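# Descriptive structure summary
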Amino acid sequence: MKFDKYNIHEGIKTSLSKLDFKKPTDIQYKSIPAILKGEDVLAIAQTGTGKTAAFAIPVLHLLQIRKISGRPDGVKCLVMAPTHELALQIADVFTTLGKHTRVTTFCIHGGVDQQPQIDTLNDGVDVLVATPGRMFDLVSQGALRLTRVEILVLDEADHMLDMGFIKDIRDLMRLLPKKRQTLFFSATINETIKELAYSLVVNPIRIQISPKDPVAKNIEHGVAFVEMDDKRFFLEDFIRQNPGKKMLIFVRTKVRAERVKAAMERVGIVTETIHSDKEQAERELTMKNFRADELKILITTDVSARGIDIPDVHFVINYDLPDSAEQYVHRVGRTGRGTSKGQAIAFCSSEEKPMLEEIEASLGKPIHRIVMTGQEYHEILLEAKTPKDDWRALLAEEEDGKGKKKPKKK
Ligand code: ADP
Ligand code: MG
């Protein structure tokens, strides 16, 4: 069924057609009617399958038809997300889809001045997208009241209900009206979290799309065995082999992110980093440049693993393996968005092999091996370690007459 046949507000249909969204994705097809009926929903669907619109479309419709006058009387829908970038992205989807409705959307997150946020809240906001930290600050100062919330959405729900956030979520639930609609969306969920989720809602409808393989089939993913100290040379080689391609590189820590950036800088490769030690304004600018294709290579920690939707990321590189199988699924899911294809490659060192086994066990199948002979491995190292812009090396090569590059240490 196409969107134009749906019983949703015309303004939303206008926005959908402007976005060229003709028919719903599987998760949208299943979630939209249930949410419109007022059900609690736990929806699990692979990365990049359009979960945001799966809740944004019905929420916008419900709020639009319930909105009697333009007068602000408190937040009606609260959407919680784990990171600033994701919260901003979700708010953007609501704003775009809700452009021809009377529903207003606003995003609050930490790292920026709070007064402008308070002013906007006072003007009246229907949909509030927030990360937990700033939201609780504003609630405790009395600047934000949640007593009129009718719909609560947890995006990346398994993560939001996980240890780091569960206390916040429980506290939050106490602040919300008992009678409300609760929606959980994620690409991954384990049994413990699933039980916890059920304990928080009334008779939820469970919607699960292709649960067998959590990695979407349009993502090709493989692993290469590369020792820790050699990773930067393999990264350099990979970048040179794929000029102009957009890459998202995941590393284990913020310190490593900066180190890899510095290593690439030394060989003339421009990259940028995003992690939690960066200023919010800088994070936003970097993300904006990456989206706009002005920045091709972004090195990041897991802050960018979940939810971030940049349609044309060619490669995800797991420079370090993540520390959980779920996180692997989310990281590789940053490529192959919607109907586009994507590729992901992981560098696995000897120390990381147990983690690889754990990830494979959880995926229920082995990850494709990118096989290299000892000689090929050695040649990549040799090539990367050869100074390329050193005119002496180039001259020596010429004189050598064989056209072969000699490894040369400075
Ligand atoms: P998920 O949350 O499932 O990872 P997103 O909601 O971020 O996925 O959407 C992934 C991409 O699919 C986005 O770029 C979005 O614009 C696009 N998309 C969503 N719904 C549709 C649709 N019905 N038709 C075409 N593209 C869509
Ligand atoms: Mg999402």
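Residues numbered from 1 in each chain as written. Chains lettered and ligands numbered in written order. Predicted model: local features only at pLDDT ≥ 70, side-chain atom pairs only at ≥ 80, totals over all residues. Heavy atoms only, no water.

## With respect to the overall build of the protein chain
Keep this limit in mind: Helix numbering and strand numbering both begin at the N terminus, where a helix is a DSSP run of H or I of at least 4 residues and a strand a DSSP run of E of at least 2. In this setup the radius of gyration rests on C-alpha atoms only. A globule is expected at 2.2 Å times the number of residues raised to 0.38. The buried label goes to any residue with under 20% of its type's maximum accessible area, the exposed label to any with over 50%, and the partly exposed label to all in between, with areas taken from a 1.4 Å probe on protein chains only. Working rule for contacts: check all heavy atoms of both residues, and any pair within 4.5 Å makes them a contact. Computed with the Shrake-Rupley method and a 1.4 Å probe, the accessible areas treat only the protein chains shown as cover for residues. Counted as positive: Lys and Arg. Counted as negative: Asp and Glu, with His and the chain ends omitted from the count. Where a charge lies is defined by one atom per residue type, namely NZ (Lys), CZ (Arg), CG (Asp) and CD (Glu).
Scanning the protein chain from N- to C-terminus turns up 16 helices and 14 strands. Taken over C-alpha atoms, the radius of gyration comes to 24 Å for the protein chain, in line with the 22 Å a tight globule of 410 residues would show. The buried share among the 410 residues of the protein chain stands at 54%. When contacts within the protein chain are restricted to residue pairs at least 6 apart in sequence, those whose partners lie at least 24 apart make up 74%. A total accessible area of about 19900 Å² is found for the protein chain, and carbon and sulfur atoms account for 52% of it. The positive charge centre, built from 62 side chains, and the negative charge centre, built from 59, are 4 Å apart in the protein chain.

## A look at the confidence of the model for the protein chain
Interpretation of the predicted coordinates at a detailed level should be avoided for regions scoring low in pLDDT. Operational definition: For every residue, the pLDDT score states the predictor's confidence, bounded by 0 at the bottom and 100 at the top.
Summing up the model confidence of the protein chain, the mean pLDDT is 92 and the portion of residues at 70 or higher is 93%. Throughout residues 402–410 the model reports pLDDT below 50, and contacts reaching past four residues in sequence, or to other chains, amount to 15 contacts.

## Let's talk about the nonpolar core
For clarity, the cut-off: Side-chain atoms within 4.5 Å link the members of a nonpolar core, which is a set of buried Ala, Val, Leu, Ile, Met, Phe, Trp, Tyr and Cys residues.
Ranked by internal contacts, the top residues of the largest apolar core, which has 70 residues, are Phe55, Ile57, Val79, Phe94 and Leu183. Among the elements that take part in this core, helix H3 (residues 51–66) stands out by supplying 9 residues, more than any other. If we ignore the near neighbours within four places in the chain, the residues touching Val79 are Phe55, Ile90, Phe94, Val127, Leu128, Val129, Ala130 and Val153. Ranked by size, the runner-up nonpolar core spans 38 residues in total, among them Leu121, Val125, Leu128 and Met135.

## Some words on the site of ligand 1
For the record, the criterion: Being near a molecule or strand, for a residue, means having at least one of its heavy atoms within 4 Å of it. Here a polar contact is taken to be a pair of N or O atoms separated by no more than 3.5 Å, where protein atoms must pair a possible hydrogen donor with a possible acceptor and residues adjacent in sequence count only if both atoms sit in side chains. As a working rule, the residues Ala, Val, Leu, Ile, Met, Phe, Trp, Tyr, Cys and Pro are called nonpolar, Asp, Glu, Lys and Arg charged, and the rest polar, with Gly in that last group.
Within the structure, ligand 1 sits among 14 residues, and Gln28, Gly48, Lys51, Thr52 and Asp309 are positioned closest to it. Between ligand 1 and Thr52 there is a distance of 2.6 Å, counted from an oxygen atom to a side-chain nitrogen or oxygen. For ligand 1, an oxygen atom lies 2.6 Å from a polar atom in the side chain of Asp309. Tallied by class, residues from the shell around ligand 1 come to 2 nonpolar, 8 polar and 4 charged.

## Examining the sheet that holds strand E14 (residues 368–369)
How we decide: Note on pairing: DSSP must find at least two bridges between two strands before they are called paired. Working convention: axes come from line fits to C-alpha atoms, limited for helices to the stretch in contact. Angles between N-to-C directions cover 0 to 180 degrees.
Reading across the sheet, the 7 strands line up as E10-E11-E9-E12-E13-E8-E14 and stay open at both edges, with parallel pairing between neighbours. A strand with exactly one partner marks an edge of an open sheet, and here the two such strands are strand E10 (272–274) and E14. Summarising the sheet, strand E9 (residues 247–250) and strand E11 (residues 297–300) pair through 4 bridges and their orientation is parallel. Opposite Ile249, over in E11, you have Ile299 as the bridge partner. In the packing of helix H13 (residues 325–332) onto the sheet, the strands contacted are strand E8 (219–225), E9, strand E12 (315–318) and strand E13 (342–348), and the crossing angle to E12 comes to about 150°.

## Here we look at the packing of aromatic side chains
Here is the rule we go by: Under the pairing criterion, centres of Phe, Tyr and Trp rings, with the six-membered ring standing for Trp, must be within 6.5 Å; the plane angle then separates stacked pairs below 30 degrees from edge-to-face pairs above 60, leaving the rest tilted. Whether a charge sits over a ring comes down to the Lys NZ or Arg CZ being within 6 Å of the ring centre and within 35 degrees of the ring normal.
All told, the structure shown has 6 aromatic pairs when counted by the stated rule. Here Phe55 and Phe94 contribute two aromatic rings whose centre-to-centre distance is 6.1 Å and whose plane-to-plane angle is 40°, an arrangement assigned as tilted. Within this pair, whereas Phe55 is found in helix H3, its partner Phe94 is found in helix H4 (residues 84–97), the two being separated by 39 residues in sequence. Owing to a relative accessible area of 1%, Phe94 belongs among the buried residues under this scheme. Among the aromatic side chains, those forming a connected cluster through ring pairs are Phe55, Phe94 and Phe185. Sitting over the face of the ring of Phe290, Lys246 holds its NZ or CZ atom 5.1 Å from the ring centroid.

## Quick look at the sheet that holds strand E1 (residues 41–44)
Pairing within the open sheet is parallel, and its 7 strands lie in the order E3-E4-E2-E5-E6-E1-E7. Whereas interior strands pair on both sides, the edge strands pair on one side only; in this sheet they are strand E3 (105–108) and strand E7 (205–208). Taken pair by pair, the neighbouring strands of this sheet meet at an average axis angle of 15°, ignoring direction. Across 4 bridges, strand E2 (residues 77–80) lies against strand E5 (residues 151–155) in parallel orientation.

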